[in-house]
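Summary of structural features
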Amino acid sequence: MTQMDYKYSLLGSMADDYRKRPLLLQVDDTPMNLFAVLEVKREPPQRWGALSGFRRIRIYSFLFGLAVMFFITASYILTGDKKGLLLTPSPYHFSVLVSPGPLTFNLSVVKDDAHIREVVRSIASKVELGSSRHLPDLKALVNSEPHLFSVIPRKFLTGIKNPCWYEEYSGNVSSDPYRTNLYAHYSKRFRTVFQHLRSTFREHLIHRDGKAYRMRCLPYFYIIGQPKCGTTDLYDRLRLHPDVKFTTFKEPHWWTRKRFGIIRLSEGFHDRYPVEDYLDLFDQAAYQIQGNLSANVSASPSQPNVIIGEASASTMWDNNAWVYFYDNTTEGEPPFLIQDFVHALQPHARFIVMLRDPVERLYSDYLYFGISNKSAEDFHEKVSESLQLFEGCLTEYTMRSCVYNTTVNNAMPVRLQVGLYIVYLMDWLSVVSREQLLVLRLEDHATNRKYTMHRVFDFLDLEPPTKEIEAEITESPASNTRRPADKNLGPMLPITKEILGDFYRPFNIKLAKVLRNDSFIWDNNSKLQKPPPPPFLSSTENH
(Lines give C-alpha, C1' and ligand atoms only; values in the text may rest on other atoms or scores of the structure.)
Protein backbone atom coordinates (compact mmCIF):
# COMPACT_ATOMS: atom_id res chain seq x y z
CA MET A 1 0.00 0.00 0.00
CA THR A 2 1.54 3.27 -1.04
CA GLN A 3 0.87 6.51 0.72
CA MET A 4 -1.51 8.71 -1.23
CA ASP A 5 -0.87 12.35 -1.87
CA TYR A 6 -3.63 14.40 -0.31
CA LYS A 7 -4.37 17.79 1.05
CA TYR A 8 -6.89 18.88 3.62
CA SER A 9 -8.28 22.38 3.64
CA LEU A 10 -11.12 24.40 5.09
CA LEU A 11 -14.18 24.90 2.96
CA GLY A 12 -13.05 27.94 0.96
CA SER A 13 -16.04 30.23 0.87
CA MET A 14 -17.15 29.27 4.36
CA ALA A 15 -13.70 29.88 5.84
CA ASP A 16 -13.60 33.36 4.34
CA ASP A 17 -17.07 34.03 5.64
CA TYR A 18 -16.16 32.86 9.17
CA ARG A 19 -13.37 35.39 9.41
CA LYS A 20 -15.88 38.16 8.81
CA ARG A 21 -18.55 36.97 11.24
CA PRO A 22 -17.96 37.61 14.97
CA LEU A 23 -20.05 36.17 17.76
CA LEU A 24 -22.85 38.73 17.80
CA LEU A 25 -24.82 39.22 20.98
CA GLN A 26 -28.00 41.23 21.27
CA VAL A 27 -28.65 43.48 24.25
CA ASP A 28 -31.79 45.56 24.82
CA ASP A 29 -33.12 44.57 21.38
CA THR A 30 -30.21 46.34 19.65
CA PRO A 31 -27.60 44.18 17.91
CA MET A 32 -24.10 45.55 18.34
CA ASN A 33 -21.18 44.52 16.17
CA LEU A 34 -17.97 45.70 17.79
CA PHE A 35 -16.06 45.18 14.56
CA ALA A 36 -18.16 47.94 12.95
CA VAL A 37 -16.56 50.45 15.32
CA LEU A 38 -13.12 49.49 14.04
CA GLU A 39 -13.91 49.61 10.32
CA VAL A 40 -11.17 51.74 8.74
CA LYS A 41 -10.73 52.50 5.07
CA ARG A 42 -7.39 51.23 3.78
CA GLU A 43 -5.33 53.62 1.70
CA PRO A 44 -2.01 53.20 -0.13
CA PRO A 45 0.98 53.79 2.18
CA GLN A 46 2.43 57.29 2.03
CA ARG A 47 5.50 58.94 3.47
CA TRP A 48 4.92 60.66 6.80
CA GLY A 49 6.50 63.89 5.59
CA ALA A 50 4.06 64.13 2.71
CA LEU A 51 0.98 63.99 4.91
CA SER A 52 -0.99 67.17 5.15
CA GLY A 53 -1.83 68.71 8.50
CA PHE A 54 -5.44 67.72 8.05
CA ARG A 55 -4.50 64.10 7.52
CA ARG A 56 -2.29 64.17 10.61
CA ILE A 57 -5.23 65.46 12.61
CA ARG A 58 -7.36 62.61 11.28
CA ILE A 59 -4.75 60.06 12.36
CA TYR A 60 -4.33 61.64 15.78
CA SER A 61 -8.11 61.66 16.19
CA PHE A 62 -8.34 58.01 15.19
CA LEU A 63 -5.58 57.01 17.61
CA PHE A 64 -7.22 59.02 20.39
CA GLY A 65 -10.58 57.39 19.65
CA LEU A 66 -8.95 53.96 19.62
CA ALA A 67 -7.35 54.66 23.00
CA VAL A 68 -10.68 55.81 24.45
CA MET A 69 -12.41 52.71 23.14
CA PHE A 70 -9.66 50.55 24.68
CA PHE A 71 -10.12 52.10 28.12
CA ILE A 72 -13.91 51.79 27.89
CA THR A 73 -13.62 48.15 26.89
CA ALA A 74 -11.17 47.50 29.72
CA SER A 75 -13.51 49.12 32.21
CA TYR A 76 -16.36 46.93 31.01
CA ILE A 77 -14.28 43.84 31.51
CA LEU A 78 -12.98 44.89 34.91
CA THR A 79 -16.39 45.86 36.22
CA GLY A 80 -18.13 42.82 34.81
CA ASP A 81 -20.56 44.94 32.72
CA LYS A 82 -20.32 42.96 29.47
CA LYS A 83 -23.41 44.27 27.72
CA GLY A 84 -22.78 44.60 24.02
CA LEU A 85 -19.32 43.03 24.10
CA LEU A 86 -18.11 39.94 22.30
CA LEU A 87 -17.79 37.16 24.86
CA THR A 88 -14.27 35.87 25.27
CA PRO A 89 -13.89 32.08 25.44
CA SER A 90 -12.20 30.62 28.49
CA PRO A 91 -8.44 29.97 28.28
CA TYR A 92 -8.85 26.28 27.56
CA HIS A 93 -11.35 26.74 24.73
CA PHE A 94 -10.90 27.70 21.07
CA SER A 95 -9.97 31.26 21.94
CA VAL A 96 -8.20 31.92 18.65
CA LEU A 97 -10.58 30.04 16.38
CA VAL A 98 -12.89 32.34 14.50
CA SER A 99 -16.56 32.28 15.39
CA PRO A 100 -18.56 30.01 13.09
CA GLY A 101 -21.29 32.58 12.82
CA PRO A 102 -23.43 35.14 14.65
CA LEU A 103 -25.68 34.02 17.45
CA THR A 104 -28.22 36.76 17.93
CA PHE A 105 -30.13 35.64 20.98
CA ASN A 106 -30.68 38.04 23.85
CA LEU A 107 -28.16 37.71 26.70
CA SER A 108 -28.94 39.55 29.90
CA VAL A 109 -25.95 39.36 32.18
CA VAL A 110 -27.79 39.18 35.48
CA LYS A 111 -26.03 37.95 38.59
CA ASP A 112 -29.11 37.70 40.77
CA ASP A 113 -29.46 34.13 42.04
CA ALA A 114 -33.24 34.22 41.78
CA HIS A 115 -32.92 35.02 38.08
CA ILE A 116 -30.42 32.19 37.59
CA ARG A 117 -32.87 29.78 39.22
CA GLU A 118 -35.48 30.89 36.69
CA VAL A 119 -32.95 30.24 33.92
CA VAL A 120 -32.40 26.70 35.25
CA ARG A 121 -36.15 26.06 35.41
CA SER A 122 -36.47 27.24 31.83
CA ILE A 123 -33.72 24.82 30.73
CA ALA A 124 -35.31 21.96 32.68
CA SER A 125 -38.55 22.45 30.75
CA LYS A 126 -36.69 21.78 27.49
CA VAL A 127 -34.70 18.68 28.41
CA GLU A 128 -36.45 16.50 25.82
CA LEU A 129 -33.85 15.47 23.27
CA GLY A 130 -36.26 15.23 20.38
CA SER A 131 -36.10 12.66 17.62
CA SER A 132 -33.11 10.41 17.04
CA ARG A 133 -30.30 11.87 14.98
CA HIS A 134 -30.09 11.16 11.29
CA LEU A 135 -27.31 8.62 10.75
CA PRO A 136 -25.00 9.21 7.79
CA ASP A 137 -24.48 6.33 5.41
CA LEU A 138 -21.08 4.80 4.70
CA LYS A 139 -20.79 6.53 1.33
CA ALA A 140 -21.15 9.95 2.95
CA LEU A 141 -18.49 9.10 5.52
CA VAL A 142 -16.07 7.87 2.87
CA ASN A 143 -16.63 10.96 0.74
CA SER A 144 -15.95 13.12 3.79
CA GLU A 145 -12.65 11.37 4.71
CA PRO A 146 -11.49 9.43 1.61
CA HIS A 147 -7.87 9.15 2.72
CA LEU A 148 -8.81 7.73 6.11
CA PHE A 149 -10.83 4.96 4.50
CA SER A 150 -8.10 4.25 1.94
CA VAL A 151 -5.53 3.58 4.66
CA ILE A 152 -7.56 1.40 7.07
CA PRO A 153 -8.30 -2.03 5.54
CA ARG A 154 -11.66 -3.75 5.53
CA LYS A 155 -10.27 -6.88 7.20
CA PHE A 156 -7.78 -7.47 9.99
CA LEU A 157 -5.37 -10.32 10.70
CA THR A 158 -6.94 -13.50 11.96
CA GLY A 159 -5.69 -15.24 15.10
CA ILE A 160 -5.05 -11.92 16.85
CA LYS A 161 -7.43 -10.36 19.32
CA ASN A 162 -6.35 -6.80 18.49
CA PRO A 163 -7.20 -5.26 15.09
CA CYS A 164 -3.92 -5.29 13.14
CA TRP A 165 -2.82 -5.69 9.54
CA TYR A 166 0.34 -5.65 7.43
CA GLU A 167 0.94 -2.61 5.27
CA GLU A 168 3.45 -2.48 2.46
CA TYR A 169 6.26 -0.08 3.29
CA SER A 170 7.28 1.72 0.12
CA GLY A 171 9.73 4.16 1.70
CA ASN A 172 13.50 3.92 1.89
CA VAL A 173 14.24 1.43 4.67
CA SER A 174 17.33 3.42 5.64
CA SER A 175 15.45 6.72 6.02
CA ASP A 176 13.61 8.01 9.07
CA PRO A 177 10.02 6.69 8.96
CA TYR A 178 8.86 9.30 11.49
CA ARG A 179 10.49 12.38 10.00
CA THR A 180 7.15 13.89 8.92
CA ASN A 181 5.09 12.81 11.93
CA LEU A 182 3.43 15.92 13.33
CA TYR A 183 3.16 14.51 16.85
CA ALA A 184 6.96 14.37 16.93
CA HIS A 185 7.25 17.79 15.30
CA TYR A 186 5.33 19.64 18.01
CA SER A 187 6.56 17.90 21.16
CA LYS A 188 9.99 17.07 22.57
CA ARG A 189 8.46 14.26 24.64
CA PHE A 190 7.07 12.61 21.53
CA ARG A 191 10.39 13.03 19.72
CA THR A 192 12.07 11.04 22.49
CA VAL A 193 9.58 8.20 22.06
CA PHE A 194 10.00 8.19 18.30
CA GLN A 195 13.78 8.10 18.67
CA HIS A 196 13.44 4.69 20.29
CA LEU A 197 10.97 3.49 17.66
CA ARG A 198 13.25 4.75 14.91
CA SER A 199 16.16 2.67 16.17
CA THR A 200 14.18 -0.57 16.01
CA PHE A 201 12.04 0.10 12.96
CA ARG A 202 13.99 -1.88 10.35
CA GLU A 203 14.27 -5.01 12.45
CA HIS A 204 10.47 -5.21 12.62
CA LEU A 205 9.93 -5.07 8.88
CA ILE A 206 8.82 -8.34 7.32
CA HIS A 207 10.09 -9.11 3.80
CA ARG A 208 7.99 -11.16 1.39
CA ASP A 209 8.52 -11.52 -2.38
CA GLY A 210 10.97 -8.63 -2.49
CA LYS A 211 8.65 -6.27 -0.61
CA ALA A 212 8.82 -4.90 2.93
CA TYR A 213 5.79 -4.85 5.23
CA ARG A 214 5.16 -3.20 8.58
CA MET A 215 2.51 -4.15 11.10
CA ARG A 216 -0.17 -1.53 11.72
CA CYS A 217 -2.72 -1.60 14.53
CA LEU A 218 -5.76 0.27 15.79
CA PRO A 219 -7.00 0.14 19.40
CA TYR A 220 -9.07 -2.79 20.56
CA PHE A 221 -10.76 -0.44 23.03
CA TYR A 222 -11.08 3.26 23.77
CA ILE A 223 -11.47 5.10 27.07
CA ILE A 224 -13.57 7.92 25.66
CA GLY A 225 -14.52 10.14 28.61
CA GLN A 226 -15.22 12.15 30.46
CA PRO A 227 -12.53 14.72 31.45
CA LYS A 228 -11.94 15.06 35.20
CA CYS A 229 -13.81 11.80 35.82
CA GLY A 230 -10.89 9.51 36.64
CA THR A 231 -9.84 8.41 33.15
CA THR A 232 -6.16 8.95 33.95
CA ASP A 233 -6.39 6.78 37.05
CA LEU A 234 -8.16 4.03 35.10
CA TYR A 235 -5.53 4.29 32.36
CA ASP A 236 -2.63 4.04 34.83
CA ARG A 237 -4.09 0.95 36.50
CA LEU A 238 -5.20 -0.82 33.35
CA ARG A 239 -1.83 -0.56 31.66
CA LEU A 240 -0.35 -2.62 34.51
CA HIS A 241 -2.18 -5.65 33.16
CA PRO A 242 0.33 -7.74 31.17
CA ASP A 243 -2.04 -8.16 28.22
CA VAL A 244 -2.86 -4.44 27.84
CA LYS A 245 -0.78 -1.94 25.90
CA PHE A 246 -1.55 1.69 25.15
CA THR A 247 -0.47 4.39 22.73
CA THR A 248 2.90 6.01 23.40
CA PHE A 249 1.04 8.62 25.51
CA LYS A 250 -2.41 8.74 27.07
CA GLU A 251 -4.36 11.24 25.00
CA PRO A 252 -3.56 11.64 21.29
CA HIS A 253 -6.88 13.50 20.71
CA TRP A 254 -6.62 12.52 17.05
CA TRP A 255 -10.27 11.83 16.33
CA THR A 256 -11.48 15.07 17.88
CA ARG A 257 -8.67 17.60 17.37
CA LYS A 258 -5.47 16.58 15.61
CA ARG A 259 -7.43 15.18 12.68
CA PHE A 260 -8.65 18.75 12.11
CA GLY A 261 -5.31 20.45 12.76
CA ILE A 262 -6.01 21.54 16.33
CA ILE A 263 -2.84 21.16 18.41
CA ARG A 264 -3.61 23.39 21.36
CA LEU A 265 -7.06 24.82 21.83
CA SER A 266 -5.67 28.35 22.13
CA GLU A 267 -3.73 28.32 18.85
CA GLY A 268 -6.37 27.83 16.17
CA PHE A 269 -5.79 25.56 13.19
CA HIS A 270 -2.52 24.02 12.01
CA ASP A 271 -1.85 21.33 9.43
CA ARG A 272 -4.19 18.39 9.80
CA TYR A 273 -2.57 15.25 11.18
CA PRO A 274 -2.96 12.39 8.68
CA VAL A 275 -4.11 9.01 9.96
CA GLU A 276 -0.59 7.62 9.41
CA ASP A 277 0.68 9.89 12.20
CA TYR A 278 -1.97 8.46 14.51
CA LEU A 279 -1.12 4.86 13.57
CA ASP A 280 2.55 5.53 14.35
CA LEU A 281 1.55 5.94 18.00
CA PHE A 282 0.64 2.23 18.12
CA ASP A 283 3.95 1.02 16.68
CA GLN A 284 5.47 0.22 20.06
CA ALA A 285 2.53 -2.02 20.96
CA ALA A 286 2.46 -3.47 17.44
CA TYR A 287 6.11 -4.49 17.81
CA GLN A 288 5.21 -6.49 20.91
CA ILE A 289 2.32 -8.19 19.13
CA GLN A 290 4.53 -8.84 16.13
CA GLY A 291 7.20 -10.30 18.37
CA ASN A 292 4.64 -12.74 19.65
CA LEU A 293 3.64 -13.58 16.09
CA SER A 294 7.21 -14.37 15.10
CA ALA A 295 7.80 -16.57 18.14
CA ASN A 296 7.53 -19.68 16.01
CA VAL A 297 7.76 -20.71 12.38
CA SER A 298 4.00 -21.12 11.95
CA ALA A 299 3.49 -17.46 13.00
CA SER A 300 0.98 -18.60 15.59
CA PRO A 301 1.19 -16.05 18.40
CA SER A 302 2.31 -17.28 21.79
CA GLN A 303 0.24 -14.53 23.47
CA PRO A 304 -2.64 -13.79 21.09
CA ASN A 305 -4.67 -11.88 23.68
CA VAL A 306 -2.53 -8.74 23.85
CA ILE A 307 -4.77 -5.73 23.20
CA ILE A 308 -4.16 -2.01 22.66
CA GLY A 309 -6.09 0.85 24.26
CA GLU A 310 -6.42 4.56 23.59
CA ALA A 311 -7.54 7.00 26.30
CA SER A 312 -8.39 10.43 24.86
CA ALA A 313 -11.03 11.81 27.21
CA SER A 314 -12.36 14.10 24.45
CA THR A 315 -13.57 11.28 22.20
CA MET A 316 -17.03 10.97 23.73
CA TRP A 317 -18.07 14.62 23.56
CA ASP A 318 -15.79 16.96 21.60
CA ASN A 319 -17.20 17.62 18.14
CA ASN A 320 -16.47 21.35 18.21
CA ALA A 321 -14.52 21.32 14.95
CA TRP A 322 -17.43 20.08 12.85
CA VAL A 323 -18.79 23.49 11.91
CA TYR A 324 -15.48 24.52 10.30
CA PHE A 325 -15.20 21.46 8.05
CA TYR A 326 -18.66 20.12 7.29
CA ASP A 327 -21.60 21.75 5.56
CA ASN A 328 -24.25 22.92 8.01
CA THR A 329 -27.23 21.23 6.37
CA THR A 330 -28.64 19.46 9.44
CA GLU A 331 -30.41 22.32 11.25
CA GLY A 332 -27.49 23.22 13.48
CA GLU A 333 -26.49 19.67 14.37
CA PRO A 334 -23.26 18.00 13.17
CA PRO A 335 -23.84 15.86 10.07
CA PHE A 336 -21.08 13.53 11.29
CA LEU A 337 -19.96 12.66 14.81
CA ILE A 338 -16.70 11.05 15.93
CA GLN A 339 -18.39 7.72 16.61
CA ASP A 340 -19.68 7.52 13.03
CA PHE A 341 -16.14 7.24 11.70
CA VAL A 342 -14.82 4.98 14.46
CA HIS A 343 -17.73 2.58 14.09
CA ALA A 344 -17.48 2.50 10.29
CA LEU A 345 -13.83 1.48 10.57
CA GLN A 346 -14.14 -0.70 13.68
CA PRO A 347 -17.71 -1.93 14.07
CA HIS A 348 -16.77 -4.18 17.00
CA ALA A 349 -14.54 -1.84 19.01
CA ARG A 350 -15.27 -1.44 22.71
CA PHE A 351 -15.61 1.78 24.65
CA ILE A 352 -15.20 2.58 28.34
CA VAL A 353 -16.81 5.67 29.87
CA MET A 354 -15.99 6.94 33.35
CA LEU A 355 -18.45 9.49 34.78
CA ARG A 356 -18.82 11.38 38.03
CA ASP A 357 -21.32 13.75 39.58
CA PRO A 358 -21.43 16.46 36.88
CA VAL A 359 -21.59 19.20 39.51
CA GLU A 360 -18.27 18.12 41.03
CA ARG A 361 -16.86 17.41 37.58
CA LEU A 362 -17.45 21.00 36.48
CA TYR A 363 -15.74 22.48 39.55
CA SER A 364 -12.78 20.13 39.16
CA ASP A 365 -12.60 21.10 35.48
CA TYR A 366 -12.58 24.79 36.40
CA LEU A 367 -9.82 24.34 38.99
CA TYR A 368 -7.66 22.20 36.71
CA PHE A 369 -7.87 24.27 33.53
CA GLY A 370 -8.28 27.73 35.00
CA ILE A 371 -5.20 29.91 34.76
CA SER A 372 -5.51 32.69 37.34
CA ASN A 373 -7.84 34.45 39.77
CA LYS A 374 -9.61 31.22 40.62
CA SER A 375 -12.06 31.32 43.50
CA ALA A 376 -15.43 29.91 44.49
CA GLU A 377 -16.97 33.32 43.79
CA ASP A 378 -15.42 33.51 40.32
CA PHE A 379 -16.67 30.00 39.58
CA HIS A 380 -20.18 31.04 40.60
CA GLU A 381 -20.11 34.00 38.20
CA LYS A 382 -18.85 31.83 35.34
CA VAL A 383 -21.54 29.24 36.01
CA SER A 384 -24.22 31.94 35.98
CA GLU A 385 -22.98 33.36 32.69
CA SER A 386 -22.73 29.91 31.10
CA LEU A 387 -26.26 28.96 32.16
CA GLN A 388 -27.63 32.14 30.62
CA LEU A 389 -25.78 31.48 27.39
CA PHE A 390 -27.08 27.94 27.21
CA GLU A 391 -30.64 28.98 28.00
CA GLY A 392 -30.43 31.69 25.35
CA CYS A 393 -29.44 29.11 22.77
CA LEU A 394 -32.43 26.94 23.68
CA THR A 395 -34.78 29.77 22.77
CA GLU A 396 -33.75 29.31 19.14
CA TYR A 397 -32.42 25.76 18.78
CA THR A 398 -32.97 22.20 19.95
CA MET A 399 -31.21 20.68 22.95
CA ARG A 400 -28.87 18.60 20.79
CA SER A 401 -28.07 21.61 18.60
CA CYS A 402 -27.08 23.67 21.63
CA VAL A 403 -24.96 20.89 23.12
CA TYR A 404 -23.00 20.68 19.85
CA ASN A 405 -23.12 24.43 19.13
CA THR A 406 -19.50 25.46 18.72
CA THR A 407 -20.24 29.16 19.21
CA VAL A 408 -21.98 28.57 22.52
CA ASN A 409 -19.34 26.09 23.69
CA ASN A 410 -16.56 28.53 22.90
CA ALA A 411 -18.34 31.40 24.62
CA MET A 412 -19.22 29.64 27.88
CA PRO A 413 -16.50 30.38 30.46
CA VAL A 414 -16.97 26.91 32.01
CA ARG A 415 -17.58 23.67 30.10
CA LEU A 416 -21.14 23.19 31.23
CA GLN A 417 -22.06 20.97 28.29
CA VAL A 418 -19.51 18.25 29.09
CA GLY A 419 -21.64 17.11 32.03
CA LEU A 420 -24.73 16.49 29.88
CA TYR A 421 -23.78 12.84 29.68
CA ILE A 422 -27.11 11.52 28.44
CA VAL A 423 -26.93 13.55 25.21
CA TYR A 424 -23.57 12.08 24.25
CA LEU A 425 -24.44 8.58 25.44
CA MET A 426 -27.60 8.42 23.35
CA ASP A 427 -25.71 9.56 20.29
CA TRP A 428 -23.08 6.87 20.84
CA LEU A 429 -25.80 4.27 21.29
CA SER A 430 -27.22 5.33 17.93
CA VAL A 431 -24.27 3.63 16.22
CA VAL A 432 -22.83 1.11 18.71
CA SER A 433 -24.59 -1.59 20.71
CA ARG A 434 -25.09 -1.39 24.46
CA GLU A 435 -22.78 -4.37 24.86
CA GLN A 436 -19.91 -2.35 23.37
CA LEU A 437 -20.13 0.36 26.05
CA LEU A 438 -19.08 0.01 29.67
CA VAL A 439 -20.18 2.96 31.80
CA LEU A 440 -18.57 3.37 35.24
CA ARG A 441 -18.84 5.90 38.06
CA LEU A 442 -15.76 7.52 39.57
CA GLU A 443 -17.43 7.41 42.98
CA ASP A 444 -17.64 3.61 42.78
CA HIS A 445 -14.09 3.36 41.48
CA ALA A 446 -12.76 5.49 44.34
CA THR A 447 -14.43 3.35 47.02
CA ASN A 448 -13.96 -0.10 45.48
CA ARG A 449 -11.22 -0.22 42.84
CA LYS A 450 -11.10 -4.00 42.83
CA TYR A 451 -14.76 -4.16 41.85
CA THR A 452 -14.49 -1.64 39.00
CA MET A 453 -11.25 -3.09 37.66
CA HIS A 454 -12.74 -6.58 37.52
CA ARG A 455 -15.69 -5.18 35.60
CA VAL A 456 -13.21 -3.74 33.13
CA PHE A 457 -11.30 -7.04 32.87
CA ASP A 458 -14.57 -8.89 32.17
CA PHE A 459 -15.66 -6.29 29.62
CA LEU A 460 -12.36 -6.55 27.71
CA ASP A 461 -12.33 -10.33 27.99
CA LEU A 462 -9.00 -10.25 29.84
CA GLU A 463 -7.56 -13.04 31.94
CA PRO A 464 -7.54 -12.21 35.66
CA PRO A 465 -4.07 -10.99 36.67
CA THR A 466 -1.97 -12.71 39.29
CA LYS A 467 -2.54 -11.74 42.91
CA GLU A 468 0.68 -9.72 42.91
CA ILE A 469 -0.28 -7.75 39.81
CA GLU A 470 -3.85 -7.31 41.02
CA ALA A 471 -2.56 -5.85 44.27
CA GLU A 472 -0.40 -3.40 42.33
CA ILE A 473 -3.35 -2.45 40.12
CA THR A 474 -5.84 -1.90 42.92
CA GLU A 475 -3.67 -0.60 45.75
CA SER A 476 -1.47 2.00 44.04
CA PRO A 477 -2.23 5.67 44.89
CA ALA A 478 -4.80 7.54 42.82
CA SER A 479 -3.52 9.39 39.75
CA ASN A 480 -4.10 13.00 38.69
CA THR A 481 -5.69 14.13 41.94
CA ARG A 482 -6.44 17.76 42.78
CA ARG A 483 -3.38 19.96 43.20
CA PRO A 484 -2.62 21.38 46.67
CA ALA A 485 -3.08 24.98 45.52
CA ASP A 486 -6.52 24.12 44.17
CA LYS A 487 -7.45 22.27 47.34
CA ASN A 488 -6.70 25.44 49.30
CA LEU A 489 -9.45 27.25 47.39
CA GLY A 490 -11.99 25.08 49.17
CA PRO A 491 -15.31 23.79 47.84
CA MET A 492 -17.70 25.67 45.59
CA LEU A 493 -20.29 27.95 47.17
CA PRO A 494 -23.40 26.14 48.48
CA ILE A 495 -25.62 28.24 46.22
CA THR A 496 -23.54 27.26 43.18
CA LYS A 497 -23.82 23.59 44.09
CA GLU A 498 -27.57 23.92 44.51
CA ILE A 499 -28.04 25.68 41.16
CA LEU A 500 -25.87 23.19 39.28
CA GLY A 501 -27.61 20.28 40.98
CA ASP A 502 -30.97 21.59 39.76
CA PHE A 503 -29.54 22.08 36.27
CA TYR A 504 -28.06 18.62 35.86
CA ARG A 505 -30.73 16.60 37.73
CA PRO A 506 -33.23 16.12 34.86
CA PHE A 507 -30.40 15.00 32.57
CA ASN A 508 -29.11 12.62 35.25
CA ILE A 509 -32.56 11.10 35.70
CA LYS A 510 -32.72 10.27 32.00
CA LEU A 511 -29.20 8.85 32.18
CA ALA A 512 -30.12 6.61 35.12
CA LYS A 513 -33.18 5.38 33.27
CA VAL A 514 -31.19 4.43 30.17
CA LEU A 515 -28.50 2.70 32.25
CA ARG A 516 -31.08 1.17 34.63
CA ASN A 517 -29.04 2.33 37.59
CA ASP A 518 -30.32 5.04 39.94
CA SER A 519 -26.85 5.78 41.26
CA PHE A 520 -26.30 7.86 38.11
CA ILE A 521 -28.80 10.40 39.47
CA TRP A 522 -26.12 11.35 42.02
CA ASP A 523 -28.56 12.12 44.79
CA ASN A 524 -27.05 12.47 48.24
CA ASN A 525 -28.72 9.25 49.30
CA SER A 526 -27.58 7.22 46.30
CA LYS A 527 -25.35 4.31 47.19
CA LEU A 528 -23.10 1.96 45.30
CA GLN A 529 -25.15 -0.37 43.18
CA LYS A 530 -23.67 -3.42 41.54
CA PRO A 531 -25.60 -4.28 38.40
CA PRO A 532 -24.63 -7.53 36.69
CA PRO A 533 -21.74 -6.99 34.27
CA PRO A 534 -23.08 -6.40 30.74
CA PRO A 535 -22.55 -9.17 28.20
CA PHE A 536 -19.44 -8.80 26.11
CA LEU A 537 -18.33 -9.99 22.74
CA SER A 538 -16.35 -13.21 22.78
CA SER A 539 -13.82 -12.00 20.24
CA THR A 540 -13.08 -9.15 17.88
CA GLU A 541 -14.51 -9.85 14.48
CA ASN A 542 -12.95 -8.49 11.34
CA HIS A 543 -14.91 -6.16 9.13
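See the structure shown above.
My aim in this report is to walk through the structure given alongside it, one point at a time. Keep in mind that what you see is a predicted model, and the values were worked out from it rather than measured.

As for the packing of aromatic side chains
Applying the stated criterion across every chain yields a total of 31 aromatic pairs. Judged by centre distance (5.9 Å) and plane angle (80 degrees), the rings of Tyr-404 and Tyr-424 are edge-to-face. Taken together, the residues Tyr-404 in the loop between helix 16 (399–403) and helix 17 (406–411) and Tyr-424 in helix 18 (residues 421–429) connect sequence positions 20 residues apart. A ring pair is formed by Phe-520 and Trp-522, whose centres lie 5.6 Å apart and whose planes are at 85 degrees; its orientation type is edge-to-face. With respect to burial, Phe-520 and Trp-522 carry one shared label: buried. Through a chain of ring-to-ring contacts, the aromatic side chains of Phe-260, Phe-269, Tyr-324, Phe-325, Tyr-326, Phe-336 and Phe-341 assemble into a single cluster.

Section: the side chain of Asn-405
As for its placement among the helices and strands, Asn-405 is situated in the loop between helix 16 and helix 17. A distance of 3.0 Å separates a polar side-chain atom of Asn-405 from the backbone nitrogen of Thr-407.

Some details on the packing of helix 20 (residues 449–459) against helix 21 (residues 467–475)
One way to put it is that helix 20 packs onto helix 21 with a least axis distance of 9 Å and a crossing angle of 115 degrees. The handedness of the crossing between helix 20 and helix 21 is right-handed. Mapping the contact onto sequence places Arg-449, Lys-450, Met-453, His-454 and Phe-457 in helix 20 and Glu-470, Ile-473 and Thr-474 in helix 21.

Looking at the state of the cysteines
Per the counting criterion, the structure on display carries two disulfides. Linked covalently through their sulfurs, Cys-164 and Cys-217 form a disulfide whose S-S length is 2.1 Å. Of note, the bridge from Cys-164 to Cys-217 carries an S-S torsion of about 105 degrees and is right-handed in sense. With Cys-164 in strand 3 (residues 164–168) and Cys-217 in strand 5 (residues 211–217), this pair connects stretches of sequence that are 53 residues apart. Comparing Cys-164 with Cys-217, the two get one shared label, buried. Each sulfur in the disulfide pair Cys-393 and Cys-402 lies 2.2 Å from the other. In this structure the cystine formed by Cys-393 and Cys-402 twists about its S-S bond by roughly -100 degrees; its chirality is therefore left-handed. A relative accessible area of 0% places Cys-393 in the buried class. The connectivity of the disulfide-linked cysteines in the protein chain, indexed sequentially, is 1-2, 3-4.

A word on unusual backbone geometry
Omega for the peptide link from Gly-225 to Gln-226 comes to -10 degrees, which places this bond in the cis form. For Lys-228, which is not glycine, the phi torsion reads 60 degrees and is therefore positive. Classification of Lys-228 by relative accessible area gives buried; the value is 14%. Unlike most non-glycine residues, Asp-461 shows phi in positive territory, near 60 degrees. Relative to the helices and strands, Asp-461 is located in the loop between helix 20 and helix 21.

Rules behind the numbers
Residues numbered from 1 in each chain as written. Predicted model: local features only at pLDDT ≥ 70, side-chain atom pairs only at ≥ 80, totals over all residues. Heavy atoms only, no water. Phe/Tyr/Trp six-rings, centres within 6.5 Å; stacked < 30°, edge-to-face > 60°. Helix = DSSP H or I, 4+ residues; strand = E, 2+ residues; numbered from the N terminus. Buried < 20%, exposed > 50% of the residue type's maximum accessible area, 1.4 Å probe, protein only. Polar contact = N/O pair within 3.5 Å; in protein donor to acceptor, adjacent residues only side chain to side chain. Axes fitted to C-alpha atoms, helices over the stretch in contact; angles between N-to-C directions. Left-handed = near helix turned anticlockwise from the far one by under 90°. Contact = heavy atoms within 4.5 Å. Disulfide = S-S within 2.5 Å.

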